[in-house]
There are 2 protein chains.
Amino acid sequence: MLDLSNQLAIGIDIGGTNTKYGIVNHRGEIIQKGELKTEGYPNIEDYIEAVYAKLKPIVTSVSDQYTLKGIGIGAPNGNYYTGTIDYAPNLEWKGRIPLVKMVTEKFGVRCILTNDANAAAVGEMMYGAARGMRDFIMITLGTGVGSGIVANGQLIYGHDGFAGELGHTIIRPGGRKHWSTDLDGSLEAFCSATGIVMTAVELLEKSQDESLLKKFKPEDITSKVVYDCAQKGDALAKEVYRFTGQILGESLANFIMFSSPEAIILFGGVIKAGDYILKPTREHMEKNLLPIFQNKVKLIFSELKEADAAILGASALVWELKENP
Amino acid sequence: MLDLSNQLAIGIDIGGTNTKYGIVNHRGEIIQKGELKTEGYPNIEDYIEAVYAKLKPIVTSVSDQYTLKGIGIGAPNGNYYTGTIDYAPNLEWKGRIPLVKMVTEKFGVRCILTNDANAAAVGEMMYGAARGMRDFIMITLGTGVGSGIVANGQLIYGHDGFAGELGHTIIRPGGRKHWSTDLDGSLEAFCSATGIVMTAVELLEKSQDESLLKKFKPEDITSKVVYDCAQKGDALAKEVYRFTGQILGESLANFIMFSSPEAIILFGGVIKAGDYILKPTREHMEKNLLPIFQNKVKLIFSELKEADAAILGASALVWELKENP
């Protein structure tokens, strides 16, 4: 085994609004971290300068004790094979951005890129709930629904680097149209925070029953509002989660019959609803499985702190780099 | 590279009714082949004796020129990890059959087992339409719907050896109940030969229009009858394929967003319908994909002769055996 104890990796998580970064050892301990705005740098060169200005002093401060092995980056539409960010709808840089090439040149160390959900899966495999697992699926339920799939101990990238877009698989053909993809009845249209709010508004329109949610204007309902009402025992708010869990559970059953993972790991803001969503999810997952798959797939929550997971995942990519490329 | 030119592999395809076998060289040429009944051996020991009696003379006849590297077997519910056939509903042997152990002991060579659809995928990768591909999905459309998934150049077995049951994924939640799994709206319920016949009967019941199919009693309609009527220009028969293709296309879109394969390879009796089914399949596949996946996944037919594919696939497993286990 290679001794990694004197090596560090930088993890960078590029989001639409903010960029988070951290310098991490091989045990997944974040030595130092920070963030900067992603917005406000329409020019990618300026953005890389800004990241460099933040990171350079940190790298210098640890350079007597450690070697920097590389930089791992998670970004929307980040492509592992090409090292480019391709037409990311929620970033200001248009077209195809050769990020790995630019970062490598600027920092003088190796750089590896993937999309944010894949990075989260690698983080979970290395430091979180998927330690020791060779087959699992990570589902992130936040503003959108992302996923990272590990099979045979490797991330599934597909032939073009774009595998694992489970949020866009169709679970209700002809159902609710997605606000940005235009696909009908995709998982994300129902099980993202946005989808949950839409479900709440739809149920409110149809329901004649009392509900705490009726005190809110439709435009003021957020997933937090739905959660708070469920906590207060509101039946309609609970029904929102039951319905969401049903859709999620049906989708998970399909994913299990695809890659037969040891576990499905759920991550992201939506899972704060805990059993409100987990119970119906598990019920409908089991119900839609062939007997050979029933009662054996673990359905668990991420063990990584949400604030750190993306940095850890991005940094974890670095430890997978071959010594001699 | 290892010289394989003096080595042979045996491929055995165990079906519910018949067992086919062949002795194959590393270029995929079948030197000799044959078959025997699977039915009629309620005792697995008797079955293995019967297979041995058939194969022993062949092995002896080539033994001056060649070495037998091993035996590959494709069987329903064949488990790659455990080497067992587990509770196969359409075989006479009940429970869990330790096939690899028994065959190894009887023949004195190494043996490897997987399910029939996985074996077909390996055959396609080694000798057929998937040569050189590292990411593809094979879908067999016959009496049932089977699948084998290759990602990163490896078959996806999942944590328990049961991955790739795409025929049982749900594509019409709450839709047509499957005759044996009891799942609602699975791919197999619609796109198998059995499903196609059910669609034809359902459409006939609802339709007021003329149709050649109306000359048949419902119990006499087979997928061949539907095909023949479509060939004669019958609109209802064509509609059966259009509907079947729509369901298949929607499912394929979901599979593509899972593993982003370079190609999907279709195999089995149902694809004899050619463009009747391929055109709607392609249309609905593309329609349900995110733009990043559109117009790049090849949808192609198997290049292996149907009669030989299972033997070739099973034998191909042998070439993947490590030299020193």
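Quick notes on the rules
- Residues numbered from 1 in each chain as written.
- Chains lettered and ligands numbered in written order.
- Predicted model: local features only at pLDDT ≥ 70, side-chain atom pairs only at ≥ 80, totals over all residues.
- Helix = DSSP H or I, 4+ residues; strand = E, 2+ residues; numbered from the N terminus.
- Rg over C-alpha atoms; globule rule 2.2 N^0.38 Å.
- Buried ≥ 20, exposed ≤ 12 C-beta atoms within 10 Å, placed from the backbone.
- Contact = placed C-beta atoms within 7 Å.
- Domains from an automatic or database assignment.
- Nonpolar A, V, L, I, M, F, W, Y, C, P; charged D, E, K, R; others polar.
- Least-squares fit on C-alpha atoms with pLDDT ≥ 70 in both.
- Expected span 1.5 Å × (residues − 1).
- Bend = angle between axes of the 7 residues up to and from the residue.
- Pairing = 2+ DSSP bridges.
- Axes fitted to C-alpha atoms, helices over the stretch in contact; angles between N-to-C directions.
- pLDDT = per-residue confidence, 0-100.
- Parallel < 35°, antiparallel > 145°, perpendicular 65-115°, else oblique.

Chemist: Sorry, what's going on with the overall build of chain A here?
Modeler: When its secondary structure is counted, chain A shows nine helices and 12 strands. Over its C-alpha atoms chain A spans a radius of gyration of 21 Å, differing by no more than 12% from the 20 Å that the globule rule assigns to 325 residues. Each principal axis of the C-alpha distribution contributes one length, and for chain A these read about 65 × 45 × 35 Å. Across the 325 residues that make up chain A, the buried fraction comes to 50%. Within chain A, residue pairs in contact and separated by at least 24 positions form 64% of the contacts whose partners lie at least 6 positions apart.

Chemist: Looking at this structure, I do not really get the domain arrangement of chain A. What am I missing?
Modeler: Accessible area lost when the parts come together is the quantity often used to give the size of an interface. Residue and element names in this part refer to chain A. Its domain assignment divides chain A into domain 1 (7–124 + 307–319) and domain 2 (132–302). For domain 1 and domain 2, the distance between their C-alpha centres works out to 28 Å. Looking at the side of domain 1 that touches domain 2, the element that brings in the most residues is helix α3 (residues 116–127), giving seven residues. Grouping the constituent residues of the side of domain 1 that touches domain 2 by class yields eight nonpolar, three polar and two charged.

Chemist: I would appreciate a short explanation of the environment of Ile-137 of chain B in the present structure.
Modeler: All names here are of chain B. Mapped onto the elements, Ile-137 comes out in strand β8 (residues 136–141). On a C-alpha basis, the gap between Ile-137 and Gly-167 in space is 12 Å, while along the polypeptide they are 30 residues apart. Residue contacts for Ile-137: discarding those within four places in its chain leaves Ser-147, Ile-149, Phe-255, Ser-259, Pro-261 and Ile-264.

Chemist: What is the right way to read the relation of the copies chain B and chain A from this model?
Modeler: The second copy of the chain is related to the first by a rotation about an axis and a shift along the axis. Mapping chain B onto chain A is achieved by rotating through 180° and translating by 0.0 Å along the same axis, at an RMSD of 0.0 Å. Look at the turn and shift together and you get a two-fold axis relating the two. A shared binding surface is used by both copies, with 100% of the interface residues of chain B retained as interface residues in chain A.

Chemist: How do you make sense of the environment of Ser-186 of chain A when you look at a structure like this?
Modeler: All names here are of chain A. In this fold, Ser-186 is placed in the loop between β10 (154–155) and α4 (187–191). The sequence separation of Ser-186 and Gly-167 amounts to 19 residues, and the corresponding C-alpha distance is 6.8 Å. Discounting residues that sit within four places of it in the chain, Ser-186 has contacts with Gly-167, His-168, Thr-169, Ile-170, His-178 and Thr-181.

Chemist: What is the right way to read helix α1 (residues 44–62) of chain A from this model?
Modeler: Owing to its 3.6 residues per turn, the α-helix aligns residues three or four sequence positions apart on the same side. Residues and elements named next belong to chain A. Here α1 spans 27 Å end to end across 19 residues, near enough to the 27 Å set by a 1.5 Å rise per residue. Its maximal kink placed at Leu-55, α1 deviates by approximately 30°, while the proline Pro-57 follows within four residues. Taken together, the buried positions of α1 are Tyr-47, Val-51 and Leu-55. The secondary structure elements touched by the buried residues of α1 are β1 (7–14), β2 (18–25) and β3 (30–37).

Chemist: What exactly am I supposed to notice about the environment of Asp-13 of chain B here?
Modeler: Residue and element names in this part refer to chain B. Along the chain, Asp-13 falls in strand β1 (residues 7–14). When the 27 C-beta atoms within 10 Å are taken as the criterion, Asp-13 is described as buried. Between the alpha carbons of Asp-13 and Ala-120 there is a distance of 9.8 Å; along the sequence they are 107 residues apart.

Chemist: When you look at unusual backbone geometry in this model, what are you seeing that I'm missing?
Modeler: Peptide bonds are trans in most cases, and residues, glycine excluded, mostly fall at negative phi. Phi angles above zero are rare outside glycine, and Asn-295 of chain A is one such case at about 55°. On the basis of neighbour count, Asn-295 of chain A is assigned to the exposed category, with 7 C-beta atoms found within 10 Å. Phi angles above zero are rare outside glycine, and Ser-260 of chain B is one such case at about 40°. The topology assignment puts Ser-260 of chain B in the loop between α7 (235–259) and β11 (263–267).

Chemist: Would you take a moment to explain the sheet that holds strand β11 (residues 263–267) of chain A for this structure?
Modeler: Within a beta sheet, neighbouring strands are joined by backbone hydrogen bonds and run either parallel or antiparallel to one another. Residue and element names in this part refer to chain A. Taken together, the five strands give an open sheet; going across it, the order is β10-β9-β8-β11-β12, and neighbouring strands pair in mixed fashion. With one partner strand each, in any of the chains shown, β10 and β12 (298–301) form the two edges of the open sheet. Where strand β8 (residues 136–141) lies against β11, five bridges are found, and the strand directions are parallel. In the strand pairing of β11, Thr-140 is matched with Phe-267.

Chemist: Looking at this structure, I do not really get the interface of chain B and chain A. What am I missing?
Modeler: With 33 residues of chain B at the contact, the number on the chain A side is 33 residues. Among the elements that make up the side of chain B that touches chain A, the one with the highest residue count is α7 of chain B (six residues). In terms of residue class, the side of chain B that touches chain A is made up of 15 nonpolar, 11 polar and seven charged.

Chemist: Quick question: what am I supposed to make of the sheet that holds strand β3 (residues 30–37) of chain B here?
Modeler: All names here are of chain B. Spatially, the five strands line up as an open sheet ordered β3-β2-β1-β4-β7, and their pairing is mixed. The sheet is open, and its two borders are formed by β3 and β7 (111–114), each paired with just one other strand. For this sheet the average axis-to-axis angle between neighbouring strands, irrespective of direction, equals 15°. As defined by bridge partners, strand β4 (residues 67–74) adjoins β7 across four bridges and the pair is classed as parallel. When the sheet's bridge partners are listed, Ile-71 is paired in β7 with Cys-111. Packing against the sheet, helix α9 (residues 306–319) makes contact with β1, β2 (18–25), β3, β4 and β7, and its axis sits at approximately 130° to β1.

Chemist: Could you clarify how one ought to interpret the confidence of the model for chain A in this entry?
Modeler: Parts of the prediction with low pLDDT should not have their coordinates interpreted in detail. For chain A, the average pLDDT comes to 93, and 98% of its residues sit at 70 or higher. In the predicted complex, the global pTM is 0.93; the interface-specific ipTM is 0.92.

Chemist: Looking at this structure, I do not really get the packing of α3 of chain A against helix α9 (residues 306–319) of chain A. What am I missing?
Modeler: The axes of two packed helices give the description: the angle between them and the distance between them. All names here are of chain A. Viewed as axis vectors pointing N to C, α3 and α9 meet at an angle of 80°, and their least axial separation amounts to 7 Å. Compared by their axis directions, α3 and α9 come out roughly perpendicular. Contacts between α3 and α9 involve Asp-116, Ala-119, Ala-120, Val-122, Gly-123, Met-126 and Tyr-127 from the former and Ala-309, Ala-310, Leu-312, Gly-313, Ala-314, Ala-316, Leu-317 and Trp-319 from the latter.

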